[in-house]
Amino acid sequence: MQRIFCILFLCGVSLSYGQLKFEGKVVDSLKTPLELANVVAINKETLALESYGITNTEGEFKLKLQKYQTYNIQVSYVGMETLKDSLSTEDKDITKNYSLRLENSLDEVTLNYKIPVKVQGDTLIYDADSFKNGSERKLEDIIKNLPGVEINEDGQIEVEGKVVNKLMVNGKDFFDGDTKLGTKNIPSNAVDKIQVLRNYSEVNQLSGVRNNQDNVAMNIKLKEGKENFWFGDVTLGGGASPDGGLYLLQPKLFYYSPEYTINFIGDLNNIGELALTRRDIRGFGGGFRSPSQSSGTDINLGDNGLGFLTSQNNAIEIENQLATANFSYSPQASLDLSGFVILNSSQILSRETSSVQYTNPELGIPDEDTDRSNIERSDQGLVKLSASYQPNVNNQLDYDVLGRISNDRQNQNAFSSVIGNTQQVEEVKPFSINQSLNYYYTLNADNIFAFEAQHVIKDEDPFYNARLDNDPDADTDAFDNTANALGLDNTMDNYDIGQNRRIKSNQIDAKLDYYNILNSVSNLNLTLGTIISQQKFDSNLFQFLEDGEPLAPTPNFNNGLAENDVIYNFSDIYLGAHYRLKTGKFTITPGFSLHAYGNKNIQFGETYEDNFFRLLPDFETRVQFKKSESLTFRYEMRNQFTDVTRLAEGIVLNSFNSIQFGEPDLQNALSHNLSLLYSSFNLFNYTNVFARLAYSNNIDQIRSLTNFESIIRTSTFFNSNFADETFSAFGRIQKTFGKIRATLNTNYNYTKINQFIQGQQSLNEGFTQTYTPALRTNFRVAPNISLSYAYSITNNNQGSRETTFTRNSPSVDFDAYIWKKLTFRTNYAYTTQKQANGQSQSFQTWDARLSYRKDKDSNWEYEIKATNILDIDAQVINSANNVSVFTSQTFIQPRFVTFRFVYSL
């Protein structure tokens, strides 16, 4: 790895040795510097784009050119006539200034050369062809080459450190703005321009009165000829594996016209290459945002879905079927209709082994080795319909409805060195309906009204069953004490226990905003809002006897409460006021919200009620140093409320070794949250810097009181008087040197959590620091290489036990476009993890693919792809939480070699 870095460094030095610097200033006829003017240099001999630059606030530009060459220079600025010049270089740096005149003609100016990057207000416009090298196939391959743009580990697009929350194609939402689905499926040859829309507002009427600094959208402009025609590709592949045949069918088809659009993405394979994972679909929110998200109130409805053993990215066998469709239709200029359907079915086989050490060995909790195998099945369906009606600029009405249903099941066989063998079955068939209605009305230039409402219905029915070995003649089995406490019959040859649960949630979240524009630099926002929520929770615990009849046990603790029948009502009525002032470089937004809270839960004939008022202040100030450089400070106080399962007094069986019962008198938790964000996007010197600091102090946090019987934990909850704290810092600096881009990412996370185990309070402190330097080339004709090195240290102090994990992970990606026919791409990573005691584990991953197509315009492409070339069995991870530290091995798919045919429309 060190040799590769050295070779790349020497290549960079040799490239820069034959270059000179061309710099100057761009001004208008009054000698006023022009910021964000474009300067492009085209090699006259090759007609290739040699270099480009954008002027800074002083109108200065700086380009790198080759010696002894002749260039066409083009200088352009919005509203000015494009200036063309000829320049010949020798062996000395060149300084030359340019003056532009106002554009007299209203006709569109046709430019001879495409400008790689343009800045128009808050919009960055990237010319896609300027960042292609021939080996790209999907949108993500282009985005990785764009300055200031990254694709993070979760597959999301980040611009200046901010996650892009909406993706559009030709101005139409792509699957409701999902970026991962777009980057991995939209073909690169269809992309003309990539527009990054900073400070994006979905409602034009509110763009000037709301703070939209964190809102970033991306719009993909298609090439001419892609409208009114189907485009996309169909991939068909197959191969062999040790356990049988491999198959792959992935059609990805798109149709765009001014009136309507249709997108279809299908996936049928057992290779593990998924367009959308099970986790992606569960997190697919459909673009819904809670109206009360800025009110200071957090109410958690909970998630009672299955916690599958592993993700679909690390399993032994994977079978997946996916069909998705997205449409938009504009029957008239004032009405837009859109929607999508996602149907997914997956079945995977997973296996994980782990070694667990529980906190504080003085408490007598034994260490444990486990080996778990899962068969997991998930069937999911999502349907969304949307309508937007805007008869004029003063009125806009939006309606959305999203329905979600799933059928999930997993069977787990597990061996524990402490408990022995267990078989577990989990099932859940939840459904939910989410609706939103928004209306925006502009009374006049100074008065704007906005009504936003959302209604959520959820119905979840998790079922859990565990079967554990038991020897009635033995003095004490590992589970006997827990079985006796639960009131189980211990004369059976096994313990066959289970629980049915049903959680029904119904919530309305609505608010009315009034904006009064006081003058050109300030406005006032008044808010009246409410959250009304009800949750019903029923559960019953049972044991199957040998004759198959269920026994309803009576526990010997928790006052004998084994069942639940709870109704939990929550209400929040609030008034908010915010004042927004722009003065010079500063935008200051102080504000507060006054809340009247109501909590009531009814169970076992008793009513527990708590009504109170709370004032929640918040403050934001933004300093705009330059158009592309800013600093933002935020403070907000938030009230956090729990879901019904932590209030329920009866026993909840999360698993056979995790039992809980709630506390009906639980109060809300309060948190103070501060953040500082710095962003600098500089196309003058090709340097981008982003940094974020965040601190949170939690008061009256809901914490668990945990008691262990062997490795079986029983927990209840209370409001802790001990404050918990979290601090995080993230930074990224990116610098481009000619055709080489260097990036350094740093990440720090510190947590301080008070835990209560076996009746003793202890402080759990965790600190993780991660450093990831990377180098990436962007040659147009030469092969490209990307090198990165991830180094992290995790320290966890649990009082009487302190652990340290060190992780090193160098990786290299290589791609080459050879003879304009062959594309070769490969990636390799080597990961080593060490503990403070000297133990270490390592694993390697290596994938490669070779593709052939007659030329770049050919419809057919032939490909051979190999994954897990080294045929490793498992990936290793070390980690720690507030009760244990563990080392686990997750087994993965073996080496696969597949042959594929890709047909492009």
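Model, not experiment: these values are computed from the prediction.

Draft legend 1. Quick peek at the overall build of the protein. In terms of helices and strands, the protein carries five helices and 53 strands. Against the compact-globule benchmark of 29 Å for 905 residues, the protein has a radius of gyration of 30 Å, which places it among compact chains. With respect to the three principal axes, the spread of C-alpha positions in the protein is 95 × 65 × 55 Å. A total of 905 residues make up the protein; the buried ones form 51% of that total. Of all intrachain contacts in the protein linking residues separated by at least 6 positions in sequence, the fraction that spans at least 24 positions is 66%. Carbon and sulfur atoms form 52% of the exposed surface of the protein, whose accessible area is close to 40900 Å². For the protein, the distance from the average site of its 82 positive side-chain charges to the average site of its 107 negative ones is 12 Å.

Draft legend 2. Structural view of the side chain of Thr831. One can find Thr831 in strand S48 (residues 822-835). Here Ser809 takes part through its side chain, which lies 3.1 Å from a polar atom of the side chain of Thr831. Those residues in contact with Thr831, other than ones at most four positions away along the chain, are Arg807, Asn808, Ser809, Gln841, Ser842 and Phe843.

Draft legend 3. Main features of the nonpolar core. Among the nonpolar cores identified, the biggest contains 50 residues, and Tyr126, Phe174, Ile194 and Met218 are the most heavily contacted of them. If one sorts the elements of this core by residue count, strand S17 (residues 216-222) sits on top with four residues. Every residue in contact with Met218, bar those within four places of it in the chain, is listed here: Ile143, Ile157, Val164, Lys166, Leu167, Met168, Ile194, Gln195 and Val196. By size, the runner-up hydrophobic cluster in this structure holds 24 residues, among which are Tyr358, Ile419, Leu468 and Phe708.

Draft legend 4. Spatial organisation of the environment of Lys67. Among the structural elements, Lys67 can be located in the loop between strand S4 (60-66) and strand S5 (70-76). Remark: the alpha-carbon pair of Lys67 and Tyr903, spanning 836 residues in sequence, is separated by 43 Å.

Draft legend 5. Here's a closer look at the sheet that holds strand S10 (residues 123-127). The strand order across the open sheet built from six strands is S9-S10-S16-S17-S14-S15, with neighbouring strands paired in mixed fashion. Edge positions in the sheet fall to strand S9 (117-120) and strand S15 (172-173), since each of these pairs with one other strand and no more. When strand S14 (residues 166-169) meets S15, the two strands line up antiparallel, connected through two bridges. Across the sheet, residue Met168 finds its bridge partner in S15, namely Asp173.

Calculation notes
- Residues numbered from 1 in each chain as written.
- Predicted model: local features only at pLDDT ≥ 70, side-chain atom pairs only at ≥ 80, totals over all residues.
- Heavy atoms only, no water.
- Helix = DSSP H or I, 4+ residues; strand = E, 2+ residues; numbered from the N terminus.
- Rg over C-alpha atoms; globule rule 2.2 N^0.38 Å.
- Buried < 20%, exposed > 50% of the residue type's maximum accessible area, 1.4 Å probe, protein only.
- Contact = heavy atoms within 4.5 Å.
- Areas by Shrake-Rupley, 256 points an atom, 1.4 Å probe, with all protein chains shown as cover.
- Lys, Arg positive; Asp, Glu negative; His and termini not counted.
- Charge placed at Lys NZ, Arg CZ, Asp CG, Glu CD.
- Polar contact = N/O pair within 3.5 Å; in protein donor to acceptor, adjacent residues only side chain to side chain.
- Core = buried A, V, L, I, M, F, W, Y, C linked by side-chain atoms within 4.5 Å.
- Pairing = 2+ DSSP bridges.

Read these as geometric descriptors, not functional statements.
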